[in-house]
Amino acid sequence: MKAVTRWALALALVFTGLAHFVVLERFLPLVPSWIPLREAVVVVTGVMEVALAGALVLAPEERRHQVGWALATFLAVVFVGNLTQAFSGADAFGLDTDAERWGRLAFQPLLIALALWSTDAWSR
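The following refers to the structure shown. Predicted model only: the values in this text are computed from it and were never measured.

## Side note on the environment of Ala59
Turning to step 1, where the next piece is worked out: Relative to the assigned elements, Ala59 resides in the loop between helix H3 (38-58) and helix H4 (64-88).
Turning to step 2, where the next piece is worked out: Of the residues examined, Ala59 reaches a relative accessible area of 12% and is grouped as buried.
Turning to step 3, where the next piece is worked out: Expressed as a C-alpha distance, the spacing of Ala59 and Phe87, which sit 28 residues apart in the sequence, is 37 Å.
Turning to step 4, where the next piece is worked out: Residue contacts for Ala59: discarding those within four places in its chain leaves Gly54, Arg64 and Val67.

Right, here's the structure in full:
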């Protein structure tokens, strides 16, 4: 089950990571306005998502826990973008109501937990 979860997370990361390049403008509402070079932030986070996806499925077992912690940290950092969207009320990714935007926030801790569980990071 852990392997299936890692693959599911990896597929989701590849999909969203590549979307950073295809529909960059949809990610801009997630980047706080006080951050400079917002477009570059979107591109870099897209690259990181694809790299983390690859690491999830390619890392040797003895390094997998490090990938889990890296992914958990990344997901915690990008949580700021989700907060930005929720507080600003910006529409992005089909989230066009406050309930949807705030509901998404509850999903992020689950993703972090899945990243840690599926890589055995908690046991290290």
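Past the structure itself, the notes keep going.
## Considering helix H1 (residues 2-22)
Turning to step 1, where the next piece is worked out: Here H1 is 21 residues long and its end C-alpha atoms lie 30 Å apart, about the 30 Å a rise of 1.5 Å per residue gives.
Turning to step 2, where the next piece is worked out: Every buried residue belonging to H1 is among Thr5, Arg6, Leu9, Ala10, Leu13, Gly17, Ala19 and His20, and all of these are buried.
Turning to step 3, where the next piece is worked out: Packed against the buried residues of H1 are helix H2 (24-27), H3, H4 and helix H5 (98-118).

Criteria and cut-off values
Residues numbered from 1 in each chain as written. Predicted model: local features only at pLDDT ≥ 70, side-chain atom pairs only at ≥ 80, totals over all residues. Heavy atoms only, no water. Helix = DSSP H or I, 4+ residues; strand = E, 2+ residues; numbered from the N terminus. Buried < 20%, exposed > 50% of the residue type's maximum accessible area, 1.4 Å probe, protein only. Contact = heavy atoms within 4.5 Å. Expected span 1.5 Å × (residues − 1).

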